Each structure stands twice: as structure tokens, then as C-alpha cells.
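# Analysis of the macromolecular model
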Amino acid sequence: MRRSLSTAALAVLALWPVAARAGEVIRVTDPRYFQTAHPVVFPGAEIKLVQVQFEGVPGDSNGKQITKQLHDAYLAQIQGLAGGAIVTYVIPDGQQVSSFRVEAEKVATQQIASMALWGRVVTDKSGETLVAARLSLVRTPPGVEARYQVMPSVGHGRAPAEVQGVIAAPVTQARIDFAPIRGDVMALVPFLSGLAYYYKGASREGADALPWLRQSANRLGSYVAQVPEAVDAAAVSQAHLFLARVFLRLARASPATASANLQEAGRHAADAARLNPYDASVPPVRAVVAQLAGGPGPVVRQFLADAVRLAPSDTTAQLNLAMVEAAMGHNDTALKTLNHAKDVARIQGKSESNDHRQVAEQLRRYGGP
Amino acid sequence: VRRLIVSQLFTIGSDAGSDPAAHGFVHMLQSIISEDLPPSIPPPLVFPIDFAEQASPWKDVTQQNFSDVLQRLASFEIIWGDRDAEKKLARTYLGIPTGTLADQVVPLGDLPLESDPRRDIEIFGDGYYRLLGHVALAEVLQTVREAEAADADDDRKRLILLAREQLREAQARLINWHKDEVLNRNLFDAGTQILARASARAGLDP
């Protein structure tokens, strides 16, 4: 799942520098516009947000105004983000787009964008505007992972063998539906720009990643400070989860402050779990934090078992669990989990992955005579 | 194609505004359902029927006959409304055959009948999320039914895994409204119990 910039891609970016402030508004006059491909706007942009005008009821111009406000505010917030860009599509009054989600995601894919934003605007009986924003991570950013080597205690007649493992916690929640916002829709901007900085920081390592990750932490931190949990638990949970990923990456990029950053990562991951216990992408991040912080094996295992319970068709979660069970010396349980993962892959029509084969090989070596 | 049947509500009198309002209501429902359901749940086609105009055994849909309507139309979710001509609104309901664990009839809210519902309806109130949550639950339950009707063991397991994914995605997406009494009782509690039992019957860990 990891996607990082290749050397070639970085070279292209160097040749095609993108202005720090890169925003374009495209007025769509032809109703068939989205049915055909168009030239990519800001082709060198590394992190692009595509926004499609928020849908309002006929005759209500609030949708257009809010779209423009978000465009301007986001553009101002990515001023320091080299390679950041926003492309906004506005639609003339009286013209309908059949499905804003489909169009937003389609055009974002064509535009090689990272994120797509759209939504719905209504005015309630008291005349107050309500905005329901939708965000799709069209190209998911890299998640986090923990690599480890352990020498489990072995049973009689077995030679000791080192278990090497990786707990992978990719970004799997690709869609965020914000609760309807009353009043100032600009509360969304720190979330959106915080994610944009995360995309940038997560594609880099070491000192190159630090400034982007710190900016991401500041903006997402501002979002969780501004938006009450009771107003939008789902989105605040997502913001905490990305903050956990940010601090995990900061811990790796800056060993001197690793301990404090891991502590912050753990706090944010716990908040994400408390706010949305149904989000299957949270427990693997908690397991990564626990593993990197030197937490006890049963704690790491419990987080991974939670991930399997929430997402029983996710074979990555099952492989994570099998490896940790092996590392704890529970070879028979690990083998059972691994076989279950194989069955789940098979009934879903998926072939056995390389990861699966590697885990099976390790188990065979460890469990052999 | 799975269908969400909508009993035509905008038939009070013969005022000229009733057709655009009816169109607006169906458009709004289709828009919400196709854009806001989780990706693992294919959106049903919103299918309006004016029962009073059709040669059908029913003049209207009610709490008493909705399951008969669904059975005869080979569908598993229907919206209808009890019209209040004096107040010019309809008290709307969603009916889904759920068995005994979950509510079969869910109140959605009042729908004004004399204006464009996209403008006046409180689509962001409780009714909107109940609509979304219970349409999701109806789809999950239908996936479970298809699983239990499957001949091959692998097909049954695959569909149960899909149903669990659909339910969890719906629960995660609607977590902001988990304290709504009706959503909590059905989507969160009953949905989880139903899937745990179905998983056990299919030979999967609950």
C-alpha cells in the first residue's frame, strides 16, 4: 500500500516547479463536460485537491458562494506547501450534475488529484445555512507500520529462530462525511490543509519529512481543538487518527524526540478509537504505536484481534495478527490465523499474496523440527 | 437491481405544484442514497409508485399492509406516509422486513407536501440519518438472506463477510447519530446481533 515518490518523480517536480499558491476555478458550461477527459491542470502538482461546486436547491446561490470561500481559504492555507494545488469546478445556475460524488471522484481521478471535495447545502426553516461536506481520498496517502524482530521462547525439540514481522496499518478509510456544519464552513480548512501536508510529509523520510509533518500536526491539532467532539465525532476521530500517524512518522524522523512523539501518537489513536469504535483502521494504528513503544505482546495482539473482528475480510489484518502470535511463541494459533486468512482470500477470489507466503515460510521455519 | 419503493405522497388535491414536488422528493431520495451510502453498499434504485393510480390491490400503503406490498413487489424496503390534509404534510415511515430483532417500521419525520422538499424538508435532521441507516440495514439484511440462500459454502461465507463489511461501514459512517434511540436499537445493536448469529451459522467467527 505504501506509495512514495520515486526519484524520477522528484526529478519531474524539480523541472516543473509548482507555484506555492496554485489554484484554478473552471467554469463548466457544457453539461457533458465531465463525460470527456480534459488536460490535467497543474500537471506537476504533488498534492492536488479537486473541488466540485456544492449542490444547493435550485435558485439558492449559497452552494456557489461556499465553494468559492473554501477555494480561497484552502489556497491561502497551502501557501507554504510546495506542490500543493486546488482546482475547483463551478456550474452555472440552473444546471444539474446528476451525481456530485461520481463526478467529483471521476474528475479528481482524471486530474491525478489526491483528494476530492464536494457536498450539499440547504437552508433550514430559520434561514440558517447547513453544509454537508464530503471528502474522498482518491489516492490514499501512505499509512504507518512497525517492523520488528523477536526471538520467541521455544518449545521442546525446536531450534530457536528469529521472527521478523511487520505490522502494517495502511490508510483504508478513503471517505470522510463531515456532519452538517452550521455557520462558518471555514472550520473544514485546517482538516483539509492538514491532510495535504500529511500527504507531503508521509511521502518523505527523515529530515525531509519533518517540516511537512509538523505543519500537518499544527493544522489537524487546530481542527480537533475547534470542532467539539459532540458535533462531529466521526470527523474528529479521523483527525485524531491522522494525528497519530503524523506523530508516529515524527518519532521515526526525529529519534531524539521519539518517546514524546510516540506518547502523543498513542493519545491521539486512543481518542480516535473512543470517538469511533467501528472504524477498522484505528486498531492497527494503535498496535503500531504499542509495538514501537515497546508495549507488551498481549496488548499489541489485542489491538490486532480487534482489527480482525471489525474487518473480518481484511487479510492484512489477519496476517498482522498471525505474525504477532508467532512472535509471542503461539505457533499453533498463528498457523490457525494464517490458514483462516488464506481461506478468506480464497473465498473472495483473491490469490495468495507475497506477504502471506512470507509469513507462512517464517512459521514453517519456526515451527519446524 | 435492488429497489427502494416509494409510495407517491404528493397527491393531495390536484394543485399544479404537486408534480414538481413529487419529482423533487424522488430526486432528493435518490441523491442522498446514491451519494451517502458506504461504498460497499450498492445504492438501490428509488422506484416511485402511485398506488391510487395503479391497478393494485391497495389504495395506499400503511403499517398494516406494507409487508404484503413488499412481498408482492419482490422488494425489501418501502417508504410511505400518512397524509394529514389539514396540516398539508405526511408523517413518513420506512418499512423493512427485519424479523424479530429490529424494528420493521421506522419513523422518518414529517414531510411538507406543498413545496419543493429539497428546500423545506429537514433533510439533515434525525429523519435523514434514520433513512440512511435503515436503508443500509435493509441492504445488509438482504445480503444475509442471499448468503443463507446460497448453495455453496464459499458463497455463503463470502456474502456474510460482505454483509459484515457493509454493516461496519454503515455504523462507522453514522457514528455521530448512534445516540438516536431508533438508530441505536436497530443499526447498531440489532444489526450487530443479527450478523453475529449469521456468522456463526455460516461457520465464521462472530
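Rules behind the numbers
Residues numbered from 1 in each chain as written. Chains lettered and ligands numbered in written order. Predicted model: local features only at pLDDT ≥ 70, side-chain atom pairs only at ≥ 80, totals over all residues. Heavy atoms only, no water. Helix = DSSP H or I, 4+ residues; strand = E, 2+ residues; numbered from the N terminus. Contact = heavy atoms within 4.5 Å. Areas by Shrake-Rupley, 256 points an atom, 1.4 Å probe, with all protein chains shown as cover. Buried area = accessible area lost by both parts, 1.4 Å probe. Salt bridge = Lys/Arg side-chain N within 4 Å of Asp/Glu carboxyl O. Nonpolar A, V, L, I, M, F, W, Y, C, P; charged D, E, K, R; others polar. Buried < 20%, exposed > 50% of the residue type's maximum accessible area, 1.4 Å probe, protein only. Pairing = 2+ DSSP bridges. Axes fitted to C-alpha atoms, helices over the stretch in contact; angles between N-to-C directions. pLDDT = per-residue confidence, 0-100. Patch = residues over 30% accessible without salt bridge, like charges linked within 9 Å, V, L, I, M, F, W, Y side chains within 5 Å. Expected span 1.5 Å × (residues − 1). Polar contact = N/O pair within 3.5 Å; in protein donor to acceptor, adjacent residues only side chain to side chain. Parallel < 35°, antiparallel > 145°, perpendicular 65-115°, else oblique. Left-handed = near helix turned anticlockwise from the far one by under 90°. Phe/Tyr/Trp six-rings, centres within 6.5 Å; stacked < 30°, edge-to-face > 60°. Lys NZ or Arg CZ within 6 Å of the ring centre and 35° of its normal.

Across its full length, chain B carries 6 helices and 5 strands. Going residue by residue from the N terminus, the α and β elements of chain B occur as β-α-β-α-β-β-β-α-α-α-α. In chain B, the proportion of contacts linking residues at least 24 apart, taken out of those at least 6 apart, comes to 60%. On chain B, roughly 8900 Å² of surface is accessible, and the fraction owed to carbon and sulfur atoms is 49%.

For chain A, the helix and strand inventory stands at 12 helices and 9 strands. In chain A, the share of contacts with a sequence separation of at least 24, taken over all contacts with a separation of at least 6, comes to 69%. Accessible surface for chain A amounts to roughly 15700 Å². Of this, 53% is attributable to carbon and sulfur atoms.

Turning to the interface of chain B and chain A, a few remarks are in order. Opposite the 30 residues of chain B that make contact, chain A presents 42 residues. Buried area between chain B and chain A, summed over both chains or domains, comes out near 3100 Å², and the portion from carbon and sulfur atoms is 52%. The salt bridge involving Asp 36 of chain B is made with Arg 120 of chain A; its shortest N-O contact spans 3.3 Å. Those elements giving two or more residues to the side of chain B that touches chain A turn out to be helix H1 (18–36), helix H3 (117–120), helix H4 (126–149) and helix H5 (153–173) of chain B. When residues in the side of chain B that touches chain A are grouped by element, the largest group, 10 residues, is from H5 of chain B. Its residues assigned to classes, the side of chain B that touches chain A shows 11 nonpolar, 5 polar and 14 charged.

On to unusual backbone geometry, then. Not every positive phi belongs to a glycine, and Phe 42 of chain A is a case in point at roughly 50°. Along the chain, Phe 42 of chain A turns up in the loop between strand S1 (23–27) and strand S2 (47–52). Assessed through its relative accessible area of 22%, Phe 42 of chain A is described here as partly exposed. The backbone of Ala 74 of chain B shows a phi angle near 50°, a positive value even though the residue is not glycine.

Let's shift gears to the sheet that holds strand S2 (residues 45–49) of chain B. Residue and element names in this part refer to chain B. One open sheet accounts for 5 strands, arranged S2-S1-S3-S4-S5; its pairing is mixed. Only two strands of the sheet have a single neighbouring strand rather than two, namely S2 and strand S5 (105–112). Across the sheet, the mean angle separating the axes of adjacent strands is 25° when strand polarity is ignored. Note that strand S4 (residues 89–95) and S5 share 7 bridges and pair antiparallel. Bridge pairing in S5 links Arg 91 to Asp 110.

Time to look at the confidence of the model for chain A. Averaged over all residues, the pLDDT of chain A equals 87, while 89% of them reach at least 70. Throughout residues 1–20 of chain A the model reports pLDDT below 50, and contacts reaching past four residues in sequence, or to other chains, amount to 28 contacts.

Another point: a nonpolar patch on the surface. Residue and element names in this part refer to chain B. On the surface, Val 1, Leu 45 and Phe 47 cluster together to form a nonpolar patch covering roughly 320 Å² of accessible area. Residue position: Leu 45 is located in strand S2. Of the residues examined, Leu 45 reaches a relative accessible area of 41% and is grouped as partly exposed.

What follows deals with helix H2 (residues 62–77) of chain A. Residue and element names in this part refer to chain A. The end-to-end C-alpha separation of H2 is 22 Å, in line with the 22 Å expected for 16 residues at 1.5 Å each. Within H2 the residues assigned to the buried category are Asn 62, Gly 63, Ile 66, Thr 67, Leu 70, His 71, Tyr 74 and Leu 75. Buried residues along H2 sit against S1, S2, strand S3 (84–90), strand S4 (115–123), strand S5 (129–137) and helix H4 (188–202).

Time to look at the side chain of Ser 199 of chain B. Residues and elements named next belong to chain B. Tracing the backbone shows Ser 199 in helix H6 (residues 181–201). Residue class for Ser 199 comes out buried when judged on its relative accessible area of 0%. Engagement of the side chain of Ser 199 in a polar contact is seen with the side chain of Arg 164, the distance being 3.2 Å.

Now for the pattern of salt bridges. Two side chains bearing opposite charge may form a pair once their charged atoms approach each other closely. Residues and elements named next belong to chain A. Tallied over the entire structure, the rule returns 33 salt bridges over all chains. Linking Lys 200 and Glu 46 is a salt bridge whose minimum nitrogen-to-oxygen distance equals 3.2 Å. Here Glu 46 lies in the loop between S1 and S2 and Lys 200 lies in helix H4, a separation of 154 residues in the sequence. We note that Lys 200, like Glu 46, is buried. Glu 46 is paired through a salt bridge with Arg 204; the nearest N and O atoms lie 2.7 Å apart. Residue Glu 46 is located in the loop between S1 and S2, and its partner Arg 204 is located in the loop between H4 and helix H5 (206–226); the two are separated by 158 residues in the primary sequence. The buried category is assigned to Glu 46, whose relative accessible area is 11%.

With that settled, consider the environment of His 340 of chain A. Relative to the helices and strands, His 340 of chain A is located in helix H11 (residues 331–347). You can call His 340 of chain A partly exposed: its relative accessible area is 27%. Considering only alpha carbons, one finds His 340 of chain A and Gly 294 of chain A, 46 residues apart in sequence, at a separation of 28 Å. Every residue in contact with His 340 of chain A, bar those within four places of it in the chain, is listed here: Gln 318 of chain A together with Leu 204 of chain B.

Let us now look at the packing of helix H6 (residues 233–253) of chain A against helix H7 (residues 258–275) of chain A. The relative placement of two packed helices is expressed as an angle between their axes plus a distance between the axes. Residue and element names in this part refer to chain A. Running from amino to carboxyl end, H6 crosses H7 at an angle of 160°, the nearest separation of the two axes being 8 Å. As summarised for this structure, H6 and H7 are arranged roughly antiparallel, according to the angle between their axes. Crossing handedness for the pair H6 and H7: left-handed. Contacts between H6 and H7 pair Ala 233, Val 236, Ser 237, His 240, Leu 241, Leu 243, Ala 244, Phe 247, Leu 248, Leu 250 and Ala 251 from the former with Ala 258, Asn 261, Leu 262, Glu 264, Ala 265, His 268, Ala 269, Asp 271, Ala 272 and Leu 275 from the latter. For the contact of H6 with H7, the class distribution of residues is 15 nonpolar, 4 polar and 2 charged.

All names here are of chain A. Taken as a whole and judged by the stated rule, the model has 12 aromatic pairs over all chains. Note on Phe 191 and Tyr 223: the rings are 5.0 Å apart at their centroids and 80° apart in plane angle, and the pair reads as edge-to-face. Of the two residues, Phe 191 sits in helix H4 while Tyr 223 sits in helix H5, which places them 32 residues apart along the sequence. Exposure class is identical for Phe 191 and Tyr 223. Each is buried. Linked through ring pairs, Tyr 33, Phe 34 and Tyr 89 together constitute an aromatic cluster. Over the aromatic face of Trp 212 sits the side chain of Lys 200, whose NZ or CZ is 4.8 Å from the ring centroid. The cationic tip of Arg 245 hangs over the ring face of Phe 242; the distance from NZ or CZ to the ring centre is 4.6 Å.

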